[in-house]
Amino acid sequence: MLQIGEVADRIGLSLRTIRYYEEVGLAVPSARSEGGFRLYTEDDVERLRVIMQMKPLGFSLEEMRELLQALADGGPADRLAHYRAAAADRVEALRAQLATAEAFAGRLRT
């Protein structure tokens, strides 16, 4: 079991962000120590990693919640396919934005 600071260091999220994800019900620690410290399992850490990967793709909290549940339950194939397609579309949009930004940076260099 890991404490919140260890989790934050391991995956690169702030303590505040991890606490927020707990507050909104996305990533609740599996246990608490006798002193009340949050304790996370490897599965909890992996859940936080998935959330961290979804964030830059612009998924809403509700979409994150739904996808995390589907992944945990081995959810309906059509729901998982929907999220796969949505992630692919969002990655393509980010690639297009990056290409535009790189072109602009190149223009500034010349």
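Our structure is the block above this text.
Caption draft 1: Focus on helix α4 (residues 61-73). For α4, with 13 residues, the first-to-last C-alpha span of 18 Å sits near the 18 Å given by 1.5 Å per residue. Within α4, burial applies to M64, L67, L68 and A70. Along the long axis of α4, the arc covered by the buried residues comes to 160°, so they all point the same way. Exposed side chains of α4 directed beyond 90 degrees from the buried face belong to A72 and D73. Taken together, the buried residues of α4 touch α3 (42-54) and α5 (77-109).

Caption draft 2: Inspection of the nonpolar core at higher detail. Residues V7, I18, Y21, Y40, L48, I51 and F59 are the most contacted members of the largest nonpolar core, which totals 25 residues. Broken down by secondary-structure element, the contributors of at least two residues to this core are α1 (4-11), α2 (15-23), α3, α4 and α5. Counting residues per element, this core draws most heavily on α3, which supplies 5 residues. The residues contacting Y21, other than those within four sequence positions of it, are L13, L26, A27, L48, I51 and K55.

Caption draft 3: Quick peek at the packing of α3 against α4. One can describe the packing of α3 onto α4 by two numbers: an axis separation of 11 Å at closest approach and a directional angle of 135°. In this view, α3 runs oblique relative to α4, as classed from their interaxial angle. Crossing of α3 over α4 shows right-handed handedness. Note on element contacts: α4 touches α3 through E63, M64, L67, L68 and L71, opposite R47, V50, I51 and M54. Taken together, the residues of the contact of α3 with α4 break down into 7 nonpolar, no polar and 2 charged.

Rules and cut-offs
- Residues numbered from 1 in each chain as written.
- Predicted model: local features only at pLDDT ≥ 70, side-chain atom pairs only at ≥ 80, totals over all residues.
- Heavy atoms only, no water.
- Helix = DSSP H or I, 4+ residues; strand = E, 2+ residues; numbered from the N terminus.
- Expected span 1.5 Å × (residues − 1).
- Buried < 20%, exposed > 50% of the residue type's maximum accessible area, 1.4 Å probe, protein only.
- Arc of directions from axis to C-beta.
- Contact = heavy atoms within 4.5 Å.
- Core = buried A, V, L, I, M, F, W, Y, C linked by side-chain atoms within 4.5 Å.
- Axes fitted to C-alpha atoms, helices over the stretch in contact; angles between N-to-C directions.
- Parallel < 35°, antiparallel > 145°, perpendicular 65-115°, else oblique.
- Left-handed = near helix turned anticlockwise from the far one by under 90°.
- Nonpolar A, V, L, I, M, F, W, Y, C, P; charged D, E, K, R; others polar.

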